[in-house]
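Read off the chains here:
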Amino acid sequence: EAADHTYSATEVGELLGGLSAKKVGMLANEHKLKRPEYGVEVWDKSRYSAKQVPAWRYNEKAVSRLREILSNN
């Protein structure tokens, strides 16, 4: 079974017109979008060290929902 394409917060920000990854994460937390229906938590390499850290990857449904949230504000 092929997995759905997912996007990092940085990629989502670019798709939504240049939002920062931090802003994407804040909106996702505020609107409770870090749930299985909107993406998946993965292990990613830390930008600042050799550690692995949890990171959220957003799916198309999350991108659409964030776009809707932004258009309502």
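Below is a summary of the structure that appears in this document.

Side note on the overall build of the protein
And step 1. Within the protein, the secondary structure is distributed over three helices and two strands.
And step 2. Its helices and strands taken in sequence order, the protein reads α-α-β-β-α from the N to the C terminus.
And step 3. Taking 11 Å as the expected radius of gyration for a compact globule of 73 residues, we find that the protein reaches 12 Å, a close match to that expectation.
And step 4. Counting all 73 residues of the protein, 29% fall into the buried class.
And step 5. Put simply, of all contacts in the protein between residues at least 6 apart along the chain, 48% involve residues at least 24 apart.
And step 6. Distance between charge centroids for the protein: 8 Å, based on 12 positive and 10 negative side chains.

Details of helix 3 (residues 60–72)
And step 1. Between its terminal C-alpha atoms helix 3 stretches 19 Å, which fits the 18 Å expected from 13 residues at 1.5 Å a residue.
And step 2. On its buried face, helix 3 sits against helix 1 (9–15), helix 2 (21–30) and strand 2 (52–58).
And step 3. Residue Asn59 occupies the N-cap position of helix 3, its side-chain oxygen lying 3.1 Å from the main-chain nitrogen of Lys61.

Considering the side chain of Thr6
And step 1. By the secondary structure assignment, Thr6 is in the segment before helix 1.
And step 2. In this structure Thr6 touches Glu11, Val40, Arg57 and Tyr58, once residues within four positions along its chain are discounted.

Examining the packing of aromatic side chains
And step 1. Under the defined criterion, the tally for this structure stands at zero aromatic pairs.
And step 2. Positioned above the aromatic ring of Tyr38, the side-chain terminus of Lys61 is 5.5 Å from the ring centre.

Regarding helix 2
And step 1. Restricting attention to buried positions, one finds in helix 2 the residues Val24, Gly25, Leu27 and Ala28. Along the axis of helix 2, the buried residues cluster in a sector spanning 165°; they form a single face. Opposite its buried face, helix 2 presents the exposed residues Lys22 and Glu30, each directed more than 90 degrees away.
And step 2. Tucked into the core, helix 2 has its buried residues touching helix 1, strand 2 and helix 3.
And step 3. Of the residues trailing helix 2, Lys32 is marked for its positive phi of about 55°.

About the cut-offs
Residues numbered from 1 in each chain as written. Predicted model: local features only at pLDDT ≥ 70, side-chain atom pairs only at ≥ 80, totals over all residues. Heavy atoms only, no water. Helix = DSSP H or I, 4+ residues; strand = E, 2+ residues; numbered from the N terminus. Rg over C-alpha atoms; globule rule 2.2 N^0.38 Å. Buried < 20%, exposed > 50% of the residue type's maximum accessible area, 1.4 Å probe, protein only. Contact = heavy atoms within 4.5 Å. Lys, Arg positive; Asp, Glu negative; His and termini not counted. Charge placed at Lys NZ, Arg CZ, Asp CG, Glu CD. Expected span 1.5 Å × (residues − 1). Polar contact = N/O pair within 3.5 Å; in protein donor to acceptor, adjacent residues only side chain to side chain. Phe/Tyr/Trp six-rings, centres within 6.5 Å; stacked < 30°, edge-to-face > 60°. Lys NZ or Arg CZ within 6 Å of the ring centre and 35° of its normal. Arc of directions from axis to C-beta.

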